[in-house]
Amino acid sequence: MELVLYNTLTRKKEVFTPLCPDRVGMYVCGPTVYDFAHIGNARPVLVFDILYRLLKRHFQDVTYVRNITDVDDKINAAAAEGGESIGDLTQRTTVAFHEDMAALLALSPDEEPRATTHIPAMVAMIESLIEKGHAYVAEGHVLFEVNTMPAYGQLSRKKRDDLIAGARVEVAPYKKEPADFVLWKPSTPDLPGWDSPWGRGRPGWHIECSTMSGQSLGETFDLHGGGRDLVFPHHENELAQSTCAHDGKPFARFWVHNGFLTVNGEKMSKSIGNVLTVRELLKHAPGEVIRFAMLSTHYRQPLDWSDDTLTQAREKMDRLYTSLREVEGLSPATEEAPDEIESALLDDLNTPTALSNLVGFVTALNKAETADEKARIKGKLLAGGAALGLLQQSPEAWFRWRPAGATHLDETEIERQIALRNKAREAKDFQKADRIRDELAANGILLEDRAGKTIWRHAG
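Because the structure is predicted, anything quoted here is derived from the model rather than measured.

Conventions we followed
Residues numbered from 1 in each chain as written. Predicted model: local features only at pLDDT ≥ 70, side-chain atom pairs only at ≥ 80, totals over all residues. Heavy atoms only, no water. Core = buried A, V, L, I, M, F, W, Y, C linked by side-chain atoms within 4.5 Å. Buried < 20%, exposed > 50% of the residue type's maximum accessible area, 1.4 Å probe, protein only. Helix = DSSP H or I, 4+ residues; strand = E, 2+ residues; numbered from the N terminus. Pairing = 2+ DSSP bridges. Axes fitted to C-alpha atoms, helices over the stretch in contact; angles between N-to-C directions. Parallel < 35°, antiparallel > 145°, perpendicular 65-115°, else oblique. Contact = heavy atoms within 4.5 Å. Nonpolar A, V, L, I, M, F, W, Y, C, P; charged D, E, K, R; others polar. Phe/Tyr/Trp six-rings, centres within 6.5 Å; stacked < 30°, edge-to-face > 60°. Lys NZ or Arg CZ within 6 Å of the ring centre and 35° of its normal.

Draft legend 1. View of the nonpolar core. Core analysis: the largest hydrophobic core is formed by 72 residues, its most contacted members being Leu55, Leu223 and Trp305. Among the elements that make up this core, the one with the highest residue count is helix α1 (residues 39-58) (eleven residues). Of all hydrophobic cores here, the second largest spans 38 residues; its members include Ile126, Cys209, Leu230 and Trp255.

Here it is as structure tokens:
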């Protein structure tokens, strides 16, 4: 089976073949660290986590690079508003980002370069663009001159005038053309800045990723990923400046972009008050539920988040873990991702089909009659879950999860109450047994009697 991906650059699905056999380089635009990550930030992390896991199963050497943008005007504004130093803000929010993504079971990238540690390389790349006639200095700024690249707009497939009209393009008097974009800009004494041939200043956003990807993966590499909102201007400008700086060499061979995320049909906005952070959602649902919900929609399609999104995902995850609890005593018969999962993922990361097939294993497990057959299906369920970053804990741990801040009984007390209930049932005092069960339920503890054993879990 071959890996097929939709390439934004060519607007079609293509068989993925790396530049070097069994060696893959992937760069994904990471967070700008000035606030907690919201679910829109989490979507590309999970999409490219699935791709990273898939690549590692099919290629011997995979390097996944995801950057940290720690110099940006949004960071400056957030630090000033909160009365916090820029260093403290970026450190705190970077730690929070790592914690939140780990809670969603996302693997860490192999490299995580920070913009502030690559300033000299950015300055060198800008100097090269000036020398080659692709950039110019104006009023302390250095700008990329888009007219020097005839293919500008090839990624977004928009004409120059369309890109400028109503787009995210800053119009300034020092620009030769409105579409020219900033490579370097001056910094006032109160803002972060570094010495350069053009005075004290800081880099533009686009040059950061061009430099960091090149430093980690080389001038031409296999995969570049990010959200669809980055196609223009960020990725378009990355492509332009990198190609020009490297004398026309290709930049990224495959461009992979995930679709937009909305909440109840609306774009997330602080003014609307519908921004959902991962940290807040984790108070109400396990990370695996959020992950399942995210992967239930194909990565290239829009994802609309609603109150039902987590509810439906939790129900399916409960079903998966319930089936595993039924066969806890059996050793799984396989550790390789089953074809039902792998074939779906190899077809442009079709996670909805993969999840549907994963849940389908539950039906097969319920119909299995022999221990060998159950062990075989359990192996497929666990290996399929691992390919998707799911089913990573024991059923008992899963069912004992509880929402943050929920009142709960000590586990020792729960077990004591269950023992009292079992004694009451043995004595046929069903009124007392029911009363204990109801009291536990009122405290968010649900009981389930099966095969001579009573198990419990926290109510979701």
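Let us keep going from here.
Draft legend 2. A look at the sheet that holds strand β13 (residues 303-305). Strand order in the open sheet formed by three strands is β12-β11-β13, and the pairing between neighbours is mixed. Looking at which strands have only one partner, the edges of the open sheet turn out to be β12 (266-267) and β13. Alignment of strand β11 (residues 261-263) against β12, held across two bridges, turns out to be antiparallel. Across the sheet, residue threonine 262 finds its bridge partner in β12, namely lysine 267.

Draft legend 3. Here's a closer look at the packing of helix α11 (residues 339-346) against helix α12 (residues 351-367). Two elements in contact, α11 and α12, have axes whose closest approach is 8 Å; the angle formed by their N-to-C orientations is 175 degrees. Considering the angle they form, α11 stands roughly antiparallel to α12. Two secondary-structure elements touch here, α11 through Glu340, Ile341, Ala344 and Leu345 and α12 through Thr351, Thr353, Ala354, Asn357, Leu358 and Phe361. When grouped by side-chain class, the residues that make up the contact of α11 with α12 number six nonpolar, three polar and one charged.

Draft legend 4. Fine view of the packing of aromatic side chains. All chains considered together, the criterion is met by eight aromatic pairs. Ring geometry for phenylalanine 251 and tryptophan 255: centres 5.9 Å apart, planes at 55 degrees, overall tilted. Here the two residues phenylalanine 251 and tryptophan 255 agree in accessibility, since each one is buried. By the ring-pair criterion, three or more aromatic residues cluster together here, those being Phe16, Phe59 and Phe254. Stacked on the ring of tyrosine 6, the Lys or Arg arginine 300 has its end atom at 4.3 Å from the ring centre. Over the face of the ring belonging to phenylalanine 399 we find arginine 325, whose NZ or CZ atom lies 4.1 Å from the ring centre.

These figures come from the coordinates and say nothing about function on their own.
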